[in-house]
Amino acid sequence: MMKILVTGASGNVGSYVVNELIALNENVVAAGTNVSKLKDKFGDKIEPVYFDFTKPETFDEALKGVDRVFLMRPPHLGKPEDLYPFIDAVKKHEVKLLSFLSLMGVENNPIPPHHKIENYIEKSGIPFAHIRPGFFMQNISGVHSVEIVKLDQIFVPAGKSKTSFIDAADIGLAIATVLHDAKAHKNSTFTITGPEALTYDQVAEVLTKVTGRKITYARPSYLKYRNYYLKNRKLDKNYVNVTVALYFMTRMGTAKAVTDEFYLLTGKRPRTFEAFAREHKEIFIKN
Ligand SMILES: NC(=O)c1ccc[n+]([C@@H]2O[C@H](COP(=O)([O-])OP(=O)(O)OC[C@H]3O[C@@H](n4cnc5c(N)ncnc54)[C@H](OP(=O)(O)O)[C@@H]3O)[C@@H](O)[C@H]2O)c1
């Protein structure tokens, strides 16, 4: 049986892609720069492989026996060109489907790197399925949980805009669904979102309700956010710059659409933010 290569297998979305594929009895090759992390996470349910987008010499081994690929862009690789050598290798290898983790709205917006990456994949002639999700609920439980726990604040420069947050678990299910039935989903795009669009004030209200502690939305300016994330949090500059651009887009209204494409693809309803916050409540509690 042919195998499915999952890049970013230890990440937010990749880890759910792996587990959903295992549930579908697929053979999974889990790729990343840290093989022991993959072994710890998935045990012997997967085949781990050392893989680095910036090291083309790692591509052949990763693609051995593989006929479908999940491709994600690690957040610190800010330039679309960083992914081109691997896409070229996938083209040479001939696969039935390449599913790329893209971003909602990029078909009309050339600024995020995903726009050029999608175009590059399409021009290469590889059968594709672009999954374009809204913002992840995991941003709140991940990168932004630090200020939520320490300062009782959500520190995001999104103004009064709305976001149709989706759970990465739902994104993983959508991606596994297209990869499992590659033929049916050849050359397709799916814009998937959560069931509702929320302001960050509403997100703060949900977190207040779930934790029983007053949590507010700080609404910093772009500059304040950028300085804080670079100097206090010491996060990667490329990553911070991409997120500033994304929050700029969000304020233009690009993150608020709610679609039914997740339901049409999987037959399931996407998780609400409140259900997500309850499931991951321990993350938001002060120790
Ligand atoms: N956050 C959002 O709201 C949102 C919304 C839409 C789209 N997206 C897109 O989703 C993507 C991020 O997905 P995610 O949150 O699942 O990622 P993530 O949790 O940040 O994980 C990054 C993954 O990349 C791997 N990695 C890092 N450097 C690598 C390298 N040089 N070569 C190969 N693998 C490498 C890491 O594994 P190792 O450490 O083992 O290498 C890790 O598994 C981004 O492209 C982002 O733009 C995000």
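Keep in mind the model is a prediction, meaning the values are calculated, not measured.

Reading the values: the criteria
- Residues numbered from 1 in each chain as written.
- Predicted model: local features only at pLDDT ≥ 70, side-chain atom pairs only at ≥ 80, totals over all residues.
- Heavy atoms only, no water.
- Helix = DSSP H or I, 4+ residues; strand = E, 2+ residues; numbered from the N terminus.
- Rg over C-alpha atoms; globule rule 2.2 N^0.38 Å.
- Buried < 20%, exposed > 50% of the residue type's maximum accessible area, 1.4 Å probe, protein only.
- Contact = heavy atoms within 4.5 Å.
- Lys, Arg positive; Asp, Glu negative; His and termini not counted.
- Charge placed at Lys NZ, Arg CZ, Asp CG, Glu CD.
- Near = heavy atom within 4 Å.
- Polar contact = N/O pair within 3.5 Å; in protein donor to acceptor, adjacent residues only side chain to side chain.
- Areas by Shrake-Rupley, 256 points an atom, 1.4 Å probe, with all protein chains shown as cover.
- 1 Å grid on protein atoms, 1.4 Å probe; cavity = no way out; pocket = protein on both sides within 12 Å on 5 of 7 lines; lining within 4 Å.
- Sits in = over half its atoms within 2 Å of the grid points.
- Nonpolar A, V, L, I, M, F, W, Y, C, P; charged D, E, K, R; others polar.

### Description of the overall build of the chain
No. 1: A count of helical and extended segments in the chain gives 14 helices and 11 strands.
No. 2: Relative to its length of 287 residues, the chain is compact, with a C-alpha radius of gyration of 19 Å against a globular reference of 19 Å.
No. 3: Projected onto the principal axes, the alpha-carbon positions of the chain cover approximately 50 × 35 × 35 Å.
No. 4: Scored against the burial criterion, the 287 residues of the chain give a buried share of 54%.
No. 5: Contacts in the chain between residues at least 24 apart in sequence constitute 76% of all its contacts with a sequence separation of at least 6.
No. 6: On the chain, the mean spot of the 39 positive side-chain charges and the mean spot of the 31 negative ones are 7 Å from each other.

### Notes on the site of the ligand
No. 1: Close to the ligand lie 27 residues; Ser10, Asn12, Thr33, Arg73 and Phe136 are nearest.
No. 2: Within the backbone of Asn12, one N or O atom sits 2.8 Å away from an oxygen atom of the ligand.
No. 3: Here an oxygen atom of the ligand and a backbone polar atom of Phe136 are 2.8 Å apart.
No. 4: Contact with the protein chains covers 85% of the free accessible surface of the ligand, which is 930 Å².
No. 5: Of all the cavities here, the one that holds the ligand is the largest pocket.
No. 6: Class assignment for the residues of the shell around the ligand results in 12 nonpolar, 12 polar and 3 charged.

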